[in-house]
Amino acid sequence: MARIAYVNGQYVPHRNAAVHVEDRGYQFADGVYEVFAVMAGKLIGEQGHLDRLAHSLSELRIKWPLSRAALMVVIKEIVRRNHVRDGLVYLQVTRGVAPRDHPFPAHSESALVITARKSDPMDKDALRTGVDVITIPDIRWQRCDIKSVALLPNVLGKQQARDADAFEAWQVDNEGYVTEGTSTNAWIVTADGDLVTRNASTSILNGVTRLSVLEAATDAGIDIMERPFTPEEALAAREAFITSSTSHVKAVTRIDGQSIGNGHVGELTNRILDAYVEYMEAHGGPRTTDTWN
Ligand code: PLP
């Protein structure tokens, strides 16, 4: 079955989907994106993703390409046309096409691309298998709260992880604290049993999954500390895991080649994965999404 993409007002075969060479996303990474998970036919965290998109667009002064309601119609149509029951939707908005020059163009129409891809349904056993993480210096810019398409440091970091046979790289800031993964948020359960993830700020992308997990864990009576932690604290932790729209809640069992806890998925990580899945079934995403306002 041929995949269909949405490009600036048109549904086109995926293989023909293209943007102009002077699109500012292509030339300057002058654009933002969102990735939505689709689980059992349901779009996950749509309000959260749209609120974060609103934040990214407004911080960069890029105009909405369509109204929020119209955007949702197109997203759902792309899911339908690609017969996605489990998978993801990728949405990208750039400042549009203009003769190449650094300042914002006086006239340009925001460009919108939406694609969808099928994947296997969420597999809790696979998420519990546990992955390796390495730590690397965070060489990104100072506005990591904006979901910018300028992902080169993230690409380099993820490749460094792959080269080390690891799944993810946790980035470490100049003060020696973990910010987040290259495409995931980072969590630990400390030696004292505290569930810790870095507080939302301009140093991290506030994940929609992160927010859902915060709410699901709170509902399940689990206390959370939102604060920075060091790689040393992570190495001494009982448990660790990562969250994102594509990785959900994935156990981390080794950091920089060293086993975390007993080297198996932790008890709290297991509880949180269950709580997250239940929460998604009940609410479809985070209830509180005004974090980005
Ligand atoms: N942090 C970074 C740098 C990311 O790129 C992502 C997702 O792409 C996340 C965290 C997780 O965000 P979400 O849970 O909204 O997918």
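Look up: the structure comes first, before these words.
The numbers attached to residues start from 1 for each chain and follow its sequence in the written order. Local features are withheld for residues below a pLDDT of 70 in this predicted model, meaning they are given only at 70 or higher, and side-chain atom pairs are given and counted only at 80 or more; totals for whole chains, interfaces and linings count all residues. Only heavy atoms go into the side-chain values, all of them from the structure, while hydrogens and water stay out.

Asks: I would appreciate a short explanation of the pairing of strand β9 (residues 178-181) in the present structure.
Replies: At least two DSSP bridges between two strands are required for those strands to pair. Only DSSP runs of H or I covering at least 4 residues are called helices, and only runs of E covering at least 2 are called strands; the numbering of each starts at the N terminus. As defined by bridge partners, strand β8 (residues 168-172) adjoins β9 across 2 bridges and the pair is classed as antiparallel. If you follow Val172 over to β9, its bridge partner there is Val178. Where β8 folds back onto β9 in an antiparallel hairpin, the turn is made up of 5 residues, including Gly176, whose phi is positive at roughly 90°.

Asks: Looking at this structure, I do not really get the environment of Arg210. What am I missing?
Replies: For Arg210, the position within the fold is in helix α6 (residues 208-219). Contacts between residues were defined by any pair of non-hydrogen atoms, one from each residue, lying within 4.5 Å. Excluding its chain neighbours within four sequence positions, the residues that come into contact with Arg210 are Asn185, Trp187, Thr197, Arg198, Asn199, Ala200, Ile204, Glu226 and Thr243. Contacts described as polar in this section are N or O atom pairs within 3.5 Å, which, within protein, must combine one atom able to donate a hydrogen with one able to accept it, while residues neighboring in sequence count only if both atoms come from side chains. Engagement of the side chain of Arg210 in a polar contact is seen with the side chain of Asn206, the distance being 2.8 Å.

Asks: Teacher, can you tell me more about the side chain of Lys250 here?
Replies: Mapped onto the fold, Lys250 is located in strand β14 (residues 248-255). Here the term buried applies to any residue with accessible area under 20% of the maximum for its type, exposed to any over 50%, and partly exposed to those in between, with areas from a 1.4 Å probe on protein chains only. Counted as positive: Lys and Arg. Counted as negative: Asp and Glu. His and the chain ends are not counted at all. Think of a salt bridge as a Lys or Arg side-chain nitrogen and an Asp or Glu carboxyl oxygen that are within 4 Å of each other. Buried and unpaired, Lys250 has no salt bridge, with Asp123 as the nearest side chain of opposite charge at 9.2 Å. Not counting the four nearest positions on each side in its chain, Lys250 is found in contact with Leu127, Val131, Phe167, Phe241 and Ile242.

Asks: Would you mind going over the layout of surface pockets with me for this structure?
Replies: Of the grid points, spaced at 1 Å and generated over the protein atoms alone, those admitting a 1.4 Å probe that cannot get out make up cavities, while open sets with protein on both sides within 12 Å along at least five of seven lines make up pockets; any residue with an atom within 4 Å of a point is treated as lining. Grid points are joined across faces, edges and corners, and a volume is the space filled by probe spheres set on the points. Approximately 890 Å³ is the volume attributed to the largest pocket. Residue lining of the largest pocket: 44 residues in total, with Tyr33, Lys147, Ser148, Leu151 and Asn154 positioned closest to the centre. Elements with a contribution of two residues or more to the lining of the largest pocket: α1 (24-28), β3 (31-39), α2 (46-60), α5 (152-163), β9, α6 and β13 (239-244). Considering each element in turn, the lining of the largest pocket owes the most residues, 5 residues, to α5.

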